[in-house]
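# Remarks on the overall topology
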Amino acid sequence: MEVKTSLLDNMIGVGDMVLLEPLSEDSFIANLRNRFDHNEIYTYIGSVVISMNPYRSLPIFTPEKVEEYRNRNFYELSPHIYALADEAYRSLRDQDKDQCILITGESGAGKTEASKLVMSYVAAVCGKGQEVNKVKEQLLQSNPVLEAFGNAKTVRNDNSSRFGKYMDIEFDFKGDPLGGVISNYLLEKSRVVKQPRGERNFHIFYQLLSGASDDTLKKLKLDRDFSKYNYLSLDSAAVNGLDDAANFRTVRNAMQIVGFMEDEVQSVLELVAAVLKLGNIEFKPESRCNGNDESRIKDKNDLKEMCELLGTEQTVLERAFSYRTVEAKQEKVCTTLNVAQAYYARDALAKNLYSRLFSWLVTRINESIKAAPKSRHKVMGVLDIYGFEIFEDRENSFEQFIINYCNEKLQQIFIELTLREEQEEYVREGIEWTNIEYFNNAIICDLIENHQNGILAMLDEECLRPGTVTDETFLDKLNTICAEHLHFESRLSKSSKFLTDHSLPHNCFRIQHYAGKVLYRAEGFVDKNNDLLYRDLSQAMYKANHSLMKQLFPEGNPAKVNLKRPPTAGFQFRHSVGTLMRNLQTKNPNYIRCIKPNDKKASHIFTDSLVCHQVRYLGLMENVRVRRAGYAFRQAYEPCLERYKMLCKRTWPHWRGPAREGVEVLMADLTVPAEEFSYGRSKVFIRNPRTLFFLEERRRQCLQDLATLIQKIYRGWKCRSHFLLLKKSQIVVAAWYRRYAQQNKYKRIKSATTVVQSYTRGWQARKLLRELKYQKRCEEAVTTISAYWHGTQVRREYRKFFRANAGKKIYNFTIQRIMQKYFLGLKSTMPSMSPIDKSWPVKPYLFLDGVHSDLRRIFHLWRCKKYRSEFTEEKKAVFEEKLEASEIFKDKKALYASSVSQPFMGDYLEISKNPKYQKLNSAMDEKVLLADVVNKINRANGKGTARIFLLTKNSVVLADQKTGQVKASVPLPDLTSVSVSTQSDGFFALKLKEGSASAIKGDFLLSSEHLIEIITKLHRTGATAADSEQLNIDISDEFLVQFKHDKVCVKFIQGGPKNGNSVSCKRKNNRLLEVSVPSTV
Ligand SMILES: Nc1ncnc2c1ncn2[C@@H]1O[C@H](COP(=O)(O)OP(=O)(O)OP(=O)(O)O)[C@@H](O)[C@H]1O
Ligand SMILES: [Mg+2]
């Protein structure tokens, strides 16, 4: 948001004098002093800028300041010359109004500096571009050139303008500068030949002598020493703070920029040198025969050098200094010049030469800077004219009279335009207006310029009058004509009131100027007004072989002899001032009123009396009063509302309606008395500064509250911004971190993927490779197989054609033959069909080893099968018994081996057939499975008794051998076990179940030759009997037998030889029955 400021902000004293309260001369000056002390050198009176000369450089003219004031409203910032320049430039550019900037003030008040500041500001803010910049530069650089030739050190100002300057700067419709036109007004040329004490000649003389190179000086026939030149005053040749040598370089450079050609510069310098030389020409009187003195040049060296510089003939010039030709009515009269006249002629020539050179310079500059004649240009005129001048200690002459007249005119235009503008504004805004009384200096202007009886008119009249004309006659005339004038004072005037005024010498007159009374000495008025240059001199100059001289003295051309008197200086000046005033009146004026704070050209000194004097004659108090008579302050509605809207709730913060209504609401709300303000069409007018200060005070208080509010909001905003920034940063950091983390993760995944991928690819590749290899191998194999196959095919096909096959055929054949022979041989040598036959033909060939043994095994199995297939049921039963006997006794009892070859006959006694046993047989209710004779061992002595042993399906029967009487019948279920020895004896004990009926007599100890068969059958029968348990067969060499009540141990021992080959049994004791078995059995 653009910050709205005002000149009322941070104001030192009062920025605008209109607001000064109370308004008095003292408070006015006190305010100026206060501001001056605080380096505030600018103060406004409405739109007029008062500028105090600070006499030192202040940091307020920087490019930054230019930017600050650029495009800002006039009252927006503290008072500044830039504000005025900006206002003027903008209204020229935007409103198409031609402007003029009128800078007034007395000598040394800072007019020239102000004009340069305005120009530099306008140059800085207007358009840019190569062409535009060149124009700007030329316009700005015209200043140093004109200052060098037209400024001089005076007692009042080290750089006093000794000519008036008005510069029109021309702009196009965009506001870009196109060029300019400079008008100059009456150079104070008397200074060329004579300078008052403490003053200098024009700067260029000193600059040339100090700054030019030796070479240049030599060419110009000059000496660096100032004292060598009569026209240069010596007492103040060097000025403090003025570097002539450096300034000369600046001037040369400026001339180059402005567009002077090198030869033009040279010509100009030659003329400057010629003026110096001219001053050194001195005359001496030479007595003529007619008794008159005739002047002669003392030392012709300077004349010679001067003539060389100007290309004039020495004799022509020499003659012009001695004679004067007067033409009257076609008659030429030649008179001699005395020494005084010769000096007068010399000085007149020097003054004319220099002033014409100066005018030529202005014309030349104009040529360079003039704008192309286009359609309409916008114009900004800057007027920097010599300031009002009063010399107290020495006489004021014609020059001061002219200068002060010019200032008088400017003051008049100021008064007129200021008031007119003020009045127009009230009319424009529809405000009631009553005229204000003010001092109008028109009466003084009239005294000077009136065509009939004005001082200038009378001077001209005197100059043109035939007869003797002197300054005294001129003064007499004034005394007669102007005696009654209120502003004219003279000792000898008709008005008797000045007769005793000793401050008024007889040869002087006094004018009461707007800026004070000035005493003018009449001496020199006529001469200066005539500005006479003897024709001989101008013709001599014209004859010079120097192009510039010819241009400067056109009247010297003998072909154009003009007998008419040239217009007087006063007339010319009045005429040009009249033109200037008319010109200014067509433009919108902007005023800068310069004030000099002290007479010492010193900074920080503020002399009240001096300032007061200037304030008075500049009419500044009147200016303020006029401004305040109506309304002290005015402001357009928009900025006014903008500035004070915070004072009313209805207008703060925004007023939606028209600004005027807003201001009305505001004023009503603040209860400002109605007579204190008026509403114009576009502005509100405030009558009294107090009202404005009241508004300002309220605003200041309100601003403090607003400042707190703004501070609060700002702090909040700042914290929030900070927070948001942190948040944003955090997000950025987090984002970066996440990105980093994700990147790392991604890298990890990527590398893992790459690994997996590479493995997978490797695996796939290997698989593929394998497949390809396999495929290749297959293809190779197929190729090989097919090749072999084809080979085989081919070989097979062609085998028959090859001998190589014979070997194999022979081999196969041999093998077949051997096999055949083997099988045939085997057939003939086959062993018997007996399964026990172990013989087998020897193997004929080693390679048939496997087949041979396999065949042997197969044959044996087949033979056994055959053998078995021939068995009857009975034989099969016999063999089963044999098999059972083997299972029971093999390798357990020595007797078994001898029993193997003996067939089990069972019925040894042929009981069913033998009649002897018929009875016994019939007593058997079952079929007898075994019938044999056994020995029953006597328990007492071990002797055996023969008994018949019968075995049926159910029982064992013992019967007497002789009688066949059944001795004992034991049912098989009562039989628990059978005990036998391991040896080759036939003893066996039948153990009966305890408690059974059969067991009453005790166990049976028997002996038989067919023990193996008996026990086997007994075991088989017992096993098949349905109700009997498995019969235990106990094979050991010691076992217990139950004899009636005793248990007797039967022990088998190895019998000695004395027992022979028979088995003996003896009762050893009650408990032991020893059976001795022969070892051989
Ligand atoms: N704004 C300023 N800042 C600094 N110095 C200044 C300023 N204005 C004027 N001066 C000083 O005052 C001196 C006189 O100023 P300037 O030549 O502008 O006066 P002037 O009004 O043109 O006088 P004159 O009527 O004699 O030409 C300058 O040389 C300069 O030293
Ligand atoms: Mg000046």
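Quantities reported herein were computed from a predicted structural model and do not represent experimental measurements.

Basis of the calculations
Residues numbered from 1 in each chain as written. Chains lettered and ligands numbered in written order. Predicted model: local features only at pLDDT ≥ 70, side-chain atom pairs only at ≥ 80, totals over all residues. Heavy atoms only, no water. Helix = DSSP H or I, 4+ residues; strand = E, 2+ residues; numbered from the N terminus. Buried < 20%, exposed > 50% of the residue type's maximum accessible area, 1.4 Å probe, protein only. Contact = heavy atoms within 4.5 Å. Domains from an automatic or database assignment. Core = buried A, V, L, I, M, F, W, Y, C linked by side-chain atoms within 4.5 Å. Near = heavy atom within 4 Å. Polar contact = N/O pair within 3.5 Å; in protein donor to acceptor, adjacent residues only side chain to side chain. Areas by Shrake-Rupley, 256 points an atom, 1.4 Å probe, with all protein chains shown as cover. Nonpolar A, V, L, I, M, F, W, Y, C, P; charged D, E, K, R; others polar. Donors = N, O, S within 2.8 Å, 3.2 Å for Na, K, Ca; no water. Salt bridge = Lys/Arg side-chain N within 4 Å of Asp/Glu carboxyl O. 1 Å grid on protein atoms, 1.4 Å probe; cavity = no way out; pocket = protein on both sides within 12 Å on 5 of 7 lines; lining within 4 Å. Points joined across faces, edges and corners; volume = space filled by probe spheres on them. Expected span 1.5 Å × (residues − 1). Pairing = 2+ DSSP bridges. Axes fitted to C-alpha atoms, helices over the stretch in contact; angles between N-to-C directions.

## Overview of the overall build of the chain
Across its full length, the chain carries 32 helices and 31 strands. Considered along the principal axes of its C-alpha atoms, the chain spans approximately 245 × 100 × 55 Å. Buried residues in the chain amount to 48% of all 1081 residues. A sequence separation of at least 24 residues applies to 64% of the contacts in the chain between residues at least 6 apart.

## A word on the domain arrangement of the chain
As a measure of interface size, the accessible area lost when the parts come together is often cited. Domain parsing of the chain yields domain 1 (277–357 + 531–563), domain 2 (403–528), domain 3 (633–696), domain 4 (820–860) and domain 5 (874–1078). Using C-alpha coordinates to define each centre, domain 3 is positioned 152 Å away from domain 4.

## Quick word on the environment of Ala668
Note on placement: Ala668 falls in helix α25 (residues 659–669). For Ala668, a relative accessible area of 55% corresponds to the exposed category. Between the alpha carbons of Ala668 and Arg634 there is a distance of 18 Å; along the sequence they are 34 residues apart.

## Details of the nonpolar core
One finds Phe28, Phe149, Phe205 and Phe321 to be the most contacted residues of the largest nonpolar core, which totals 210 residues. The leading source of residues in this core is helix α13 (residues 339–369), at 15 residues. For Phe28, the contacting residues outside a window of four places in its chain are Met17, Leu20, Leu23, Ile45, Ile50, Val615, Leu620, Met621 and Val624. Ranked by size, the runner-up nonpolar core spans 30 residues in total, among them Phe889, Ala968, Val978 and Phe1004.

## With respect to the site of ligand 1
Taken together, 18 residues lie near ligand 1, and Asn53, Ser107, Lys111, Thr112 and Ser160 sit nearest. The separation between an oxygen atom of ligand 1 and a polar side-chain atom of Ser160 is 2.6 Å. Taking 630 Å² as the accessible area of ligand 1 by itself, protein coverage stands at 86%. Looking at the shell around ligand 1, the element that brings in the most residues is helix α4 (residues 111–125), giving three residues. The residue inventory of the shell around ligand 1, partitioned by class, reads four nonpolar, ten polar and four charged.

## Concerning the coordination of the magnesium ion (ligand 2)
Around the magnesium ion (ligand 2), the protein contributes the donor atoms Thr112 (OG1) and Ser161 (OG), at 1.9 to 2.1 Å from the metal centre. Taken together, the positions of Thr112 in helix α4 and Ser161 in strand β5 (residues 160–161) put the pair 49 residues apart, joining distant regions of the chain. With respect to class, Thr112 is no different from Ser161; both count as buried.

## Thoughts on the pattern of salt bridges
If you walk through the whole model with that rule in mind, you get 55 salt bridges. Asp172 is the partner of Lys174 in a salt bridge, and the nearest nitrogen-oxygen pair spans 3.2 Å. Since its relative accessible area comes to 46%, Lys174 is described here as partly exposed. Among the salt bridges present, the one from Arg465 reaches Glu462, with a minimum N-O distance of 2.8 Å. What you see here is one network of salt bridges that share partners, running through Arg162, Glu188, Arg191, Glu199 and Glu389.

## Re empty space enclosed by the protein
Gaps between atoms show up when a probe of the same size as a water molecule is rolled over them. Applying the stated criterion across every chain, the model contains seven cavities of 30 Å³ or more. Each pocket or cavity is described by its volume, and for the second largest cavity that value is around 80 Å³. As for the second largest cavity, its lining consists of Met119, Val122, Ala123, Cys126, Lys136, Leu139, Leu140, Ile169, Phe171 and Pro177. Contributing elements (two or more residues each) for the lining of the second largest cavity: α4, α5 (130–150) and β6 (164–171). Its residues assigned to classes, the lining of the second largest cavity comprises nine nonpolar, no polar and one charged.

## A short note on α13
Along its 31 residues, α13 runs 45 Å from first to last C-alpha, staying within 8% of the 45 Å computed at 1.5 Å per residue. For α13, the N-terminal capping position is held by Asn338, with its side-chain oxygen 3.2 Å away from the main-chain nitrogen of Ala340.

## Re the sheet that holds strand β25 (residues 987–992)
Across the sheet, which stays open at both edges, the eight strands sit in the order β23-β22-β21-β20-β26-β25-β24-β27 with mixed pairing between neighbours. Only two strands of the sheet have a single neighbouring strand rather than two, namely β23 (966–971) and β27 (1032–1035). Averaged over all neighbouring strand pairs, the angle between strand axes comes to 30 degrees, with direction disregarded. When strand β24 (residues 975–980) meets β27, the two strands line up parallel, connected through four bridges.

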